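Inside the fold
Letter by letter, the chains look like this.
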Amino acid sequence: MHDSTADVLVVGAGPYGLSTAAYLRHHGLDVRIIGTPMEFWADRMPPGMHLKSEPFASSLGAPHGGATFTDRNPGWRTGRPIPLSTFVEYGRWFAGHIVPYTEEARVERIERAEGGGAGGRYEVALSTGETARARAVVIAIGVAAFARVPDELSGLPAELLTHSMDHREFGRFEGQEVAVVGAGQSALETAVFLAEAGARPQILARTERLAWNDVPVPAPSALDRMLRGPASGLGRGYRTWVWSEHPWTTRFLPDATRQHLLRTTMGPAGAWWLRDRVDHRVHVMTGRTVTAARESGGRAAVTTAGAVGSPWEHEVDHVIAATGFVPDLARIDILAPELRERVKARHRAPVLGSHFQSSVPGLYFAGLTAAPSFGPVMRFVHGADFAARRIAAHVAANAKAAAPPVETVTVLESDTAGTAGTAGNVGHAGQTSPHAPVNPR
Ligand SMILES: Cc1cc2nc3c(=O)[nH]c(=O)nc-3n(C[C@H](O)[C@H](O)[C@H](O)COP(=O)(O)OP(=O)(O)OC[C@H]3O[C@@H](n4cnc5c(N)ncnc54)[C@H](O)[C@@H]3O)c2cc1C
């Protein structure tokens, strides 16, 4: 139970929330982080899934060494896909060892506190019944609230239409025809899981052909590096490297260019290791755009159009929209409406400053909601370290600026006699000194 005002409260304990809390604490701030570690990955993703990101690009951000995915799993080299369970285990290790103060609860409401000032700017209602107070809040709630289903499918009732995020097990579809809309990793992997569960999946993809990521080369030659560009968390190529490793650069781009980048970088494509599993059991229809859908005698009738010819109607038992996630401020219902209205938005996402702060002082956003401001890497775990460092540095600077000046007291040697071990600015056991610098790695 906390009865004081925290410097900062982080909402969500996924890769972005945990990384941000780690850096914040490293600055000596009084941090609270609310959420169940790695909940989305453990509870909302199919257990048989593998990560699409390479091991070197699947690390949470920590202010010291020894905490990357490959530090914890030294045998895991580029080209070896990470099973979901291994990644969840890594994330939970990170939470347990680096952010052990994570509180397993949910944030239900965030409001501006009456008066603000030194008493804290925000009041945060928790599922435990407590109302916490904090001077700053970091929203790191991930992607779940932003599942996108195309309007064209809205004619279907809930029992015939789901999002790919709604499924961990596929046994209930055994023997059924299921249309999977989309052409990205989620669509392709969902179709494979359906086929393996005895369903008859058909992929309806807008693209003219399916795209597949290249098999990564663990140690490319100098010539290969020169021709194809360096490897980065988002893939190979010079420009990709810039957006991936230096996301701040995207802020200098005109907004339209940055949004184009967001749409086109890491566009829909399957992981190289999934290709062989998309076999004859998965019926792939490319070049088909969904234009309408309706219920027909208890089944789903989906109309698609191609570049030529007349529209087709596909009758299936169920439709799964594997159509991704789009940030939308209006869907962040834990923000009180008065507060949400004060957040300046563009493309439905919060407009963020160079340190991820929104137009409301002390309110920060990390992860997918930051992608329209910082580019495509914010959609992936790989962006967590950058976001976490930036946010922590800013919150710490603000906290320092707001702190009352410390009185200088001349301490005589005789005053400290007998108090060895208790005098001075010593953090709690296992905590970093409040004045420890951020390791600029
Ligand atoms: C099927 C699938 C596969 C993916 N594969 C990859 C991959 O291989 N590599 C990659 O880099 N990215 C992948 N992604 C993207 C991935 O979701 C993000 O990279 C990553 O989860 C971002 O971390 P996060 O902390 O922003 O979000 P999350 O991991 O979603 O964490 C946010 C957390 O906040 C919690 N939360 C939400 N609301 C509240 C609340 N009110 N109170 C308390 N807690 C709350 C959630 O429960 C969740 O645990 C994949 C996504 C999907 C859907």
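Structure's up top.
All of the points below concern the structure found in this document.

Scoring rules and cut-offs
- Residues numbered from 1 in each chain as written.
- Predicted model: local features only at pLDDT ≥ 70, side-chain atom pairs only at ≥ 80, totals over all residues.
- Heavy atoms only, no water.
- Helix = DSSP H or I, 4+ residues; strand = E, 2+ residues; numbered from the N terminus.
- Buried < 20%, exposed > 50% of the residue type's maximum accessible area, 1.4 Å probe, protein only.
- Pairing = 2+ DSSP bridges.
- Axes fitted to C-alpha atoms, helices over the stretch in contact; angles between N-to-C directions.
- Contact = heavy atoms within 4.5 Å.
- Parallel < 35°, antiparallel > 145°, perpendicular 65-115°, else oblique.
- Left-handed = near helix turned anticlockwise from the far one by under 90°.
- Nonpolar A, V, L, I, M, F, W, Y, C, P; charged D, E, K, R; others polar.
- Near = heavy atom within 4 Å.
- Polar contact = N/O pair within 3.5 Å; in protein donor to acceptor, adjacent residues only side chain to side chain.

1. With respect to unusual backbone geometry
Phi is positive for M38, which is not a glycine, with a value near 60°. Examined against the element boundaries, M38 turns out to sit in the loop between β2 (31-34) and α2 (39-44). On the basis of relative accessibility, which here comes to 0%, the residue M38 falls in the buried class.

2. Some points on the sheet that holds strand β15 (residues 318-321)
Strand order in the open sheet made by the five strands is β6-β15-β7-β8-β11, with parallel pairing throughout. The open sheet has two edge strands, β6 (161-163) and β11 (283-285), and neither has a second partner. The mean angle between the axes of side-by-side strands here comes to 20°, regardless of whether they run parallel or antiparallel. Seen against the sheet, helix α5 (residues 185-196) touches β7 (177-181), β8 (200-204) and β15 and runs at an angle of roughly 165° to β8.

3. Some thoughts on the packing of helix α1 (residues 15-26) against helix α11 (residues 384-402)
In contact at an axis separation of 8 Å, α1 and α11 are set at 40° when each is read in the N-to-C sense. By the angle class used here, α1 and α11 are oblique. As for the relative orientation of α1 and α11, their crossing is right-handed in sense. Taking contact as the criterion, the partners of P15, Y16, S19, T20, Y23 and L24 in α1 are, on α11, A384, D385, A387, A388, R389, I391, A392 and V395. Of the residues that constitute the contact of α1 with α11, the class distribution is 10 nonpolar, two polar and two charged.

4. Focus on the sheet that holds strand β14 (residues 312-316)
Strands pair in a sheet through their backbones, by hydrogen bonds, and they do so in one of two ways: parallel or antiparallel. Spatially, β12-β13-β14 is the arrangement adopted by the three strands of the open sheet, whose pairing is antiparallel. Strands at the two margins of the open sheet, each flanked by one partner only, are β12 (289-296) and β14. Each strand of the sheet is rotated relative to its neighbour by a mean of 25°, with strand direction disregarded. Here β12 runs beside strand β13 (residues 299-305); their pairing, made up of seven bridges, is antiparallel. Directly across from R294, in β13, lies its bridge partner A301.

5. Quick notes on the site of the ligand
Within the structure, the ligand sits among 29 residues, and E39, K52, S53, V107 and V381 are positioned closest to it. W41 is positioned with one of its side-chain polar atoms (N or O) 3.0 Å from an oxygen atom of the ligand. Here V381 contributes a backbone N or O atom positioned 2.8 Å from an oxygen atom of the ligand. Going through the elements one at a time, α1 and α2 are the ones with two or more residues in the shell around the ligand. Taken together, the residues of the shell around the ligand sort by class into 19 nonpolar, six polar and four charged.

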